[in-house]
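# Coordinates in review
Residues per chain, in single letters:
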Amino acid sequence: MKFGNLAWKKTALLFAAVLLLALFALPGTVRHASAAATAEASIVLDGQTINGAEPVIVNQTTMVPIRVVSEQLGYSVNWNQSEGRVTIGGEASPLVLTIGSATAGSASGNVQLEQAPFVRSSTTYVPLRFVGSQMGLGVKWEQASRTVYLQSPVPAPSVPTVPETPGTTTPTPVAPSNNASIDAISFSDNRLTISAGAAVTPKSSTLAGPDRIVVDLPNSAFGPGLLANGSLGLGKVGTLAVENSSLVKQVRYSLFSESPSTIRVVIDLNRAVGYNLYTEGNLIFVDLNDDGTAPPVGTDGKKVVVIDPGHGDHDSGGVGITGVKEKDMVLQVGLKVAALLKQEPNIDVIMTRSDDTFVALDDRAKIANDAGADVFLSIHGNKANTSSAVGTETYYADASRSKTLSDTIQKHVQAATGFRDRGSKQANYVVIRKTTMPGALVEIGFLSNSEEETLMMQEDFQQKVALAIVAGLKEYLGV
Ligand SMILES: [Zn+2]
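Okay, so let's go over this structure. Given the structure is predicted, the values throughout are model-derived calculations rather than measurements.

### Here we look at the layout of surface pockets
Roughly 610 Å³ of volume is contained in the second largest pocket. Surrounding the second largest pocket, 27 residues form its lining, I66, W79, S316, G317 and V319 being those nearest its centre. Taken together, the elements giving at least two residues each to the lining of the second largest pocket come down to α2 (66-72), β5 (77-80) and β11 (123-127). Residue classes in the lining of the second largest pocket are distributed as seven nonpolar, 13 polar and seven charged. Lining the lining of the second largest pocket are residues from two domains, each supplying at least three of them: domain 1 (5-151) and domain 3 (299-479).

Given below as structure tokens:
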């Protein structure tokens, strides 16, 4: 018997589901006395233990904080607090969970959950096994070790295209949408960075009164990240806030034409300025400078550093006890790091985001990979269920590639914060797993601890942390 890849996966998942149902239906299975009883469990994704996942088991169901689903499994998560609703996954087939409701909405209709999502200590918990299997992960529970094993789907083999035989008249199919998605737009250090899902040939022009640089991206369309904040159809304009630039007021972007689909990005200038427009992989750069001859990113032997402030827009990340949003704190620190790196003659910096926009985790990694970056650093703030958790920690995904970087960043940042040293450790965060260069993810401190939360929002503390990050990067790069 021969199965296609997909058929095999479906069968395997079905088998796993039946096995699990049978397991949990057995009368001999240890059951907790009360619905509130919880126990420790661990989660292993593709053979690697997920650290800091803090799952709890309620009525035999492993519940995980929603940030595990976004940060470690890499799915887009939209959390509507007022309605108590969590939407996971893309627009095509979202999974909708509601706090306190044992019914979830999926592409194939309503599904019953063994355990309703709940909020505990201001952390939202969702059933891991259900979410995992709905998102196409293989899920297996091992009772003896109290471990949930997750397996990412194997990418389907690419279907070979049949070359067209000359002379045959195949009817021309309706052209599929082959627009490149525009996934992220950021501006820092007089450099506009646009990340596309495929190669784009940009066209630029300048306008005066007021001074502007116009960049058109033919055959492109907005990706889900930029659309997350609302419609960007014809006539709608998105803006990118630009801070601390003497040259640039703001950056605007809009759908300029529908056929062919063309996105227009406009840099509003304070005065006329030279610029250099170029592409690297699927990245488009516009470097502003007075003589228009800025060398492209990474040339002249410069090291390319990608700074990734975590979360953004609807994804606020962890929310501290006084309401500080992780996305705001890490952006403030990230922009300070970028400003410091700009002064380094041997370093070029690229930001994955420079304002309150959302960039998908895969796209953050892709920006660094496309740029051929030398180092990737993601900046985060931590959160725990208890206010007693404190300290600075740094993560790497692959020890041989990234442990030295992670150790170096941890050494400098922990010395700057003075927080407890939680060490440099392994974890499979998507952004450091999918980047191909040395990458680390630093958790500056805990937003769930009031002292650390207060400090992390202070200007001088953030500057001290930014200086430490730059010192760590320079030590690692040897520049
Ligand atoms: Zn985070």
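### Topic: the nonpolar core
Residues I307, V337, L341, I379, I469 and L473 are the most contacted members of the largest nonpolar core, which totals 32 residues. Put simply, the parts of the chain that give this core at least two residues each are β24 (303-309), α5 (326-342), β25 (347-351), β26 (375-382), α7 (399-417), β29 (439-446) and α10 (459-477). V337 has contacts with I307, I379, A466, I469 and V470, leaving out every residue within four places of it along the chain.

### Overview of the packing of α5 against α10
At a minimum axis separation of 9 Å, α5 and α10 run at an interaxial angle of 55 degrees. Accordingly, the angle class assigned to the pair α5 and α10 is oblique. For the pair α5 and α10, the crossing hand works out as right-handed. On the side of α5, the interface is formed by M329, Q332, V333, K336, V337, L340 and L341, while α10 contributes E459, Q462, Q463, V465, A466, L467, I469, V470 and L473. Across the contact of α5 with α10, the residue classes tally to 11 nonpolar, three polar and two charged.

### A short note on the side chain of D315
Relative to the elements of secondary structure, D315 occurs in the loop between β24 and α5. Only 3.1 Å separates the side chain of D315 from the side chain of H311, close enough to count as a polar contact. Among the polar contacts listed, one links the side chain of D315 to the backbone nitrogen of G317, at a separation of 3.2 Å. The contacts of D315, once residues within four sequence positions are left out, are K327 and F358.

### What to know about the sheet that holds β29
Strand order in this open sheet of six strands is β25-β24-β26-β29-β27-β28, and the pairing throughout is mixed. The sheet is open, and its two edges are formed by β25 and β28 (421-426), each paired on a single side. With direction set aside, neighbouring strand axes in the sheet form an average angle of 20 degrees. Note: strand β27 (residues 392-396) against β28, four bridges, orientation parallel. Note on β28: the bridge partner recorded for T394 is S424. Strands in contact with α5 are β24, β25, β26 and β29; relative to β26, the strand with the most contacts, it is inclined by about 145 degrees. Helix-sheet contacts for α7 involve β26, β27, β28 and β29, and the interaxial angle to β27 is about 165 degrees.

### What about the environment of F419?
By secondary structure assignment, the location of F419 is in the loop between α7 and β28. C-alpha separation for the pair F419 and I444, spaced 25 residues apart in sequence, amounts to 8.7 Å. Not counting residues up to four positions away in its chain, the partners in contact with F419 are G391, T392, Q414, I444, G445, E452, L455, M456 and F461.

### Side note on the pattern of salt bridges
Applying the stated criterion across every chain yields a total of 15 salt bridges. Ionic pairing is found between E83 and R85, a salt bridge with its closest N-O pair at 2.3 Å. In this structure, D308 and R364 form a salt bridge, with 2.8 Å as the shortest nitrogen-oxygen distance. Here D308 is found in strand β24, whereas its partner R364 is found in helix α6 (residues 361-371), with 56 residues between them in sequence. Accessibility expressed as a relative area gives 1% for D308, which makes it buried. Overlapping salt bridges, with partners in common, bring together R191, D287 and D348 in one network.

Definitions and limits used
Counting of residues starts from 1 at the beginning of each chain's written sequence and follows it residue by residue. Reporting of local features is limited, given that this is a predicted model, to residues whose pLDDT is at least 70; pairs of side-chain atoms are given and counted only at 80 or more, and all residues count toward the totals for whole chains, interfaces and linings. Side-chain measures here rest on the full set of heavy atoms in the structure, leaving out hydrogens and waters. For each structure, a 1 Å grid was placed over the protein atoms alone; sets of points admitting a 1.4 Å probe that cannot get out are labelled cavities, open sets with protein on both sides within 12 Å along at least five of seven lines are labelled pockets, and lining residues have an atom within 4 Å of a point. Grid points are joined across faces, edges and corners, and a volume is the space filled by probe spheres set on the points. Think of it this way: any DSSP run of H or I at least four residues long counts as a helix, any run of E at least two long counts as a strand, and we number them from the N terminus. Following the grouping adopted for this structure description, the nonpolar residues are Ala, Val, Leu, Ile, Met, Phe, Trp, Tyr, Cys and Pro, the charged ones are Asp, Glu, Lys and Arg, and the polar ones are all others, Gly among them. For the domain bounds, the source is a domain assignment made automatically or taken from a database. Within this scheme, the nonpolar core is defined by two criteria: the residues are buried Ala, Val, Leu, Ile, Met, Phe, Trp, Tyr or Cys, and they are joined through side-chain atoms within 4.5 Å. Remark: exposure states derive from per-residue accessible area (1.4 Å probe, protein chains only) relative to the maximum for the residue type, with buried under 20%, exposed over 50%, and partly exposed in between. Contact definition: two residues touch when any of their heavy atoms are within 4.5 Å. Note on geometry: axes are C-alpha line fits, over the in-contact stretch for helices, and angles between N-to-C directions span 0 to 180 degrees. For classification purposes, an angle smaller than 35 degrees is called roughly parallel, one larger than 145 roughly antiparallel, one from 65 to 115 roughly perpendicular, and anything else oblique. Helix crossings are classified by the rotation of the near helix relative to the far one: an anticlockwise turn of less than a right angle makes the crossing left-handed, while a clockwise turn makes it right-handed. Contacts described as polar in this section are N or O atom pairs within 3.5 Å, which, within protein, must combine one atom able to donate a hydrogen with one able to accept it, while residues neighboring in sequence count only if both atoms come from side chains. Criterion used throughout: strands pair if DSSP finds at least two bridges between them. Whenever a carboxyl oxygen of Asp or Glu lies within 4 Å of a side-chain nitrogen of Lys or Arg, that contact is scored as a salt bridge.

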